[in-house]
Amino acid sequence: MNILSTELIHHPYQAPEGFESPVTPVYKGSTVIFKNVAAMRQRDWRSRNGYTYGLHGTPTTFTLEERLSSLEGGQHCVLLPSGLAALANVALALLKTGDEVLLPDNVYGPNKALAEHELAHWGISHQYYDPLNPADLASRLSSKTRLVWLEAPGSVTMEFPDLLGLVQVCREFEAASPILALDNTWGAGLAFKPFALGWSSGHRSAPPTLLGVDVSVHALTKYPSGGGDVLMGSVVTCDEALHLRLKATHMRMGWGVAANDCETLLRSLPSMALRYEAQDASARQLAQWLGAKKDVVQVLHPALPGGPGYDHWVALCEGQGGLAAGLFSVLLDPAWRPAQVDAFCDALKLFKIGYSWGGPISLVMPYDLKGMRHLPTTALKPGHLVRFSVGLERPADLQADLAQALARSKRPEPL
Ligand SMILES: *Cc1c(COP(=O)(O)O)cnc(C)c1O
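Residues numbered from 1 in each chain as written. Predicted model: local features only at pLDDT ≥ 70, side-chain atom pairs only at ≥ 80, totals over all residues. Heavy atoms only, no water.

**Student:** So what exactly am I meant to see when it comes to the sheet that holds strand S10 (residues 296-300) here?
**Tutor:** Hydrogen bonds between backbone groups are what pair the strands of a sheet, and the pairing can be parallel or antiparallel. With mixed pairing, five strands are arranged side by side in an open sheet as S10-S11-S14-S13-S12. On the outer flanks of this sheet lie S10 and strand S12 (352-353), each paired with one strand and no other. Where strand S13 (residues 363-367) and strand S14 (residues 384-389) come together, five bridges link them in antiparallel fashion. Residue pairing across strands places Tyr 367 opposite Leu 385, the latter belonging to S14. (Pairing = 2+ DSSP bridges. Helix = DSSP H or I, 4+ residues; strand = E, 2+ residues; numbered from the N terminus.)

What follows is the structure in structure tokens.
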């Protein structure tokens, strides 16, 4: 045993205090050292006025939590190792055997898989509702409904729901008061404010009430990271009791996040709004350009007329800056052969084939909607769906890439 080992661990040197930098230090640590036993006994992991253990928070995680709460207009935040883990935290903390969860039919796919597997195994039932029809959601609410998921717009097909209308039917349901949880990855806290969606005219003579969701989940993997490098998720709330339920489950499940990942997010957050706006502008330009091609039967972009739920996007987002994420899908002519769709994606050079979005690299992904939807929809025309996530490349270069790939995939192939 090296005789120096103790000295190197219990070294007397302390760096001077007072290093002031705008950058949040990367505090690492599983163990937190208490001054004495009494201090250890007094410390409560739930309060953020002290530290108990790395898993329960460090100055780095507390700082990131505060910034994300501000971003979404909430008060409290829990960090998780991925966006999907954040969705799971909400379900595990709030549901028990016998409860029911309602999900929009166009919800982020893995959230459906969680409901269909783990939740179903634990005796928690689920139903899908039509995101474009608040009356359909209203008809599925029951005294068993404990949690209602919302997403705006839906993953892949991009239908923008009447978010305020959906919240209103849940708030007016008298047999139960389900918790409303929004997957806010697309809005990212920039396109609209999840805890202040708008005013309800109220019942009869009651004064109008400000309507919002109870929980906002954000896959920080997307725009907050912006680099395609970090996986993380957050759960933001305004209600302290609800936050403590989420945090207790978070603690019991041991869902920690890495300090270096928090550092990357803290570095990326200040540029997020600029990136979001740039990616939005490029995506709209490309979506419009593609929409004019005769091979494209429908453009699915909530901020472009003709996109499903466009009027709802206008109502919710236009007054708040009129923003949208850099994400859209197109439906290609159903007469195209599936191999032609694949050839189009393969022919793209700048758009890489890959999942996720919000990073600097543009991505493309073909989707087969069969098996992804449980309810009929009239919002989508028949066709082959291809989704684009627009990165930070020059829009003209991306447009040229789309043009050459369209031309190449239409070349007659030998049968
Ligand atoms: C990507 C994504 C998630 C999951 O985030 P991960 O960090 O990849 O687990 C959840 N919801 C939406 C809408 C997403 O796009």
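**Student:** What is the right way to look at the packing of aromatic side chains in this model?
**Tutor:** In this structure the tally under the stated criterion is ten aromatic pairs. Each ring, one from Tyr 51 and one from Phe 62, has its centre 5.4 Å from the other, and the planes form 20 degrees; the classification is stacked. Residue Tyr 51 is located in the loop between helix H2 (37-42) and helix H3 (59-72), and its partner Phe 62 is located in helix H3; the two are separated by eleven residues in the primary sequence. Judged by its relative accessible area of 29%, Tyr 51 is partly exposed. Residue classification places Phe 62 among the buried residues on the basis of a relative accessible area of 11%. An angle of 75 degrees between the planes, with centres 5.4 Å apart, marks the rings of Phe 351 and Phe 388 as edge-to-face. Highlighted residues: Phe 351 in the loop between helix H12 (338-347) and S12 and Phe 388 in strand S14, separated in sequence by 37 residues. A relative accessible area of 1% means that Phe 351 is categorised as buried. Looking at Phe 388, the relative accessible area reads 0%, which means it is buried. Taken together, the ring pairs connect Phe 328, Trp 336, Phe 344, Phe 351 and Phe 388 into an aromatic cluster. (Phe/Tyr/Trp six-rings, centres within 6.5 Å; stacked < 30°, edge-to-face > 60°. Buried < 20%, exposed > 50% of the residue type's maximum accessible area, 1.4 Å probe, protein only.)

**Student:** Would you mind showing me how to read the sheet that holds strand S4 (residues 145-151) here?
**Tutor:** As summarised here, the arrangement of the seven strands in space is S1-S9-S8-S5-S4-S2-S3, forming an open sheet in which the pairing is mixed. Of all strands in the sheet, those bounded by a partner on one side alone are strand S1 (76-80) and strand S3 (125-129). Between one strand and the next, the sheet's axes are offset by a mean angle of 20 degrees, whatever the strand orientation. Judged from the five bridges that link them, strand S8 (residues 215-219) and strand S9 (residues 233-237) form a sheet pairing that is antiparallel. Across the sheet, the residue bridging to Ala 219 is Gly 233, located in S9. (Axes fitted to C-alpha atoms, helices over the stretch in contact; angles between N-to-C directions.)

**Student:** Is there a simple way to think about the side chain of Glu 100 in this case?
**Tutor:** Mapped onto the secondary structure, Glu 100 falls in strand S2 (residues 100-104). Lacking a salt bridge, the buried Glu 100 has Lys 144 as its closest oppositely charged neighbour, with an N-O distance of 4.1 Å. With residues near it in sequence (within four places) discarded, Glu 100 still touches Leu 95, Ser 125, His 126, Gln 127, Arg 140, Lys 144, Thr 145, Arg 146 and Leu 147. (Lys, Arg positive; Asp, Glu negative; His and termini not counted. Salt bridge = Lys/Arg side-chain N within 4 Å of Asp/Glu carboxyl O. Contact = heavy atoms within 4.5 Å.)

**Student:** Hey, could you run me through helix H9 (residues 259-268) in this one?
**Tutor:** Within H9, the full set of buried residues consists of Ala 259, Cys 262, Leu 265, Leu 266 and Ser 268. Packed against the buried residues of H9 are H3, S1 and helix H10 (272-291).

**Student:** Can you walk me through the nonpolar core in this structure?
**Tutor:** Counting residues in hydrophobic clusters, the biggest one holds 56 residues, and the most contacted among them are Leu 64, Val 148, Leu 150, Trp 186 and Phe 192. Among the elements that make up this core, the one with the highest residue count is helix H7 (residues 163-172) (five residues). Excluding its chain neighbours within four sequence positions, the residues that come into contact with Phe 192 are Ala 152, Phe 160, Leu 163, Leu 182, Asn 184, Trp 186, Gly 187, Leu 197, Leu 316, Cys 317 and Gln 320. Grouped together as the second largest cluster of nonpolar side chains are 29 residues, Leu 80, Ile 124, Leu 147 and Ile 179 included. (Core = buried A, V, L, I, M, F, W, Y, C linked by side-chain atoms within 4.5 Å.)

**Student:** Teacher, can you tell me more about the pattern of salt bridges here?
**Tutor:** Should their charged atoms come close, side chains of opposite charge can pair. Counted under the stated rule, the structure contains eleven salt bridges. Between Asp 99 and Lys 96 there is a salt bridge; the shortest N-O distance is 3.3 Å. For Asp 214, the salt bridge goes to Arg 171, with nearest N and O atoms at 3.1 Å. Taken as a pair, Asp 214 in the loop between strand S7 (209-211) and S8 and Arg 171 in helix H7 lie far apart in primary sequence, 43 residues in all. Several salt bridges converge on common partners, so that one network encompasses Arg 48, Glu 65 and Glu 66.

**Student:** How do you make sense of the environment of Val 156 when you look at a structure like this?
**Tutor:** Within the element layout of this structure, Val 156 appears in the loop between S4 and H7. Given a relative accessible area of 6%, Val 156 falls into the buried group. Apart from residues lying up to four places away in sequence, Val 156 is in contact with Ser 329, Tyr 367, Leu 369, Met 372, Leu 385 and Arg 387.

**Student:** When you look at the site of the ligand in this model, what are you seeing that I'm missing?
**Tutor:** Looking at the ligand, there are 13 residues lining it, with Gly 83, Leu 84, Asp 183, Thr 221 and Lys 222 nearest. Here the residues of the shell around the ligand are counted per class, giving five nonpolar, five polar and three charged. (Near = heavy atom within 4 Å. Nonpolar A, V, L, I, M, F, W, Y, C, P; charged D, E, K, R; others polar.)

**Student:** Got a minute to help me understand the environment of Trp 149 in this structure?
**Tutor:** Assignment of secondary structure puts Trp 149 in strand S4. A residue is classified by how much of its surface remains accessible, and Trp 149, at 1% relative accessible area, is buried. The spacing of Trp 149 and Val 107 is 42 residues in sequence and 8.1 Å in space, taken between C-alpha atoms. Apart from residues no more than four positions distant in its own chain, Trp 149 is found in contact with Leu 87, Val 90, Val 101, Leu 102, Leu 103, Pro 104, Asn 111, Tyr 129, Ala 181, Leu 182, Asp 183 and Val 217.

**Student:** Is there a simple way to explain the side chain of Gln 298 in this structure?
**Tutor:** In this structure, Gln 298 sits in strand S10. Of the polar contacts made by the side chain of Gln 298, one reaches the backbone oxygen of Ala 379; its length is 3.1 Å. From its side chain, Gln 298 meets the backbone nitrogen of Lys 381 in a polar contact 2.8 Å long. With residues near it in sequence (within four places) discarded, Gln 298 still touches Gly 306, Pro 308, Ser 329, Val 330, Leu 331, Ala 379, Leu 380 and Lys 381. (Polar contact = N/O pair within 3.5 Å; in protein donor to acceptor, adjacent residues only side chain to side chain.)

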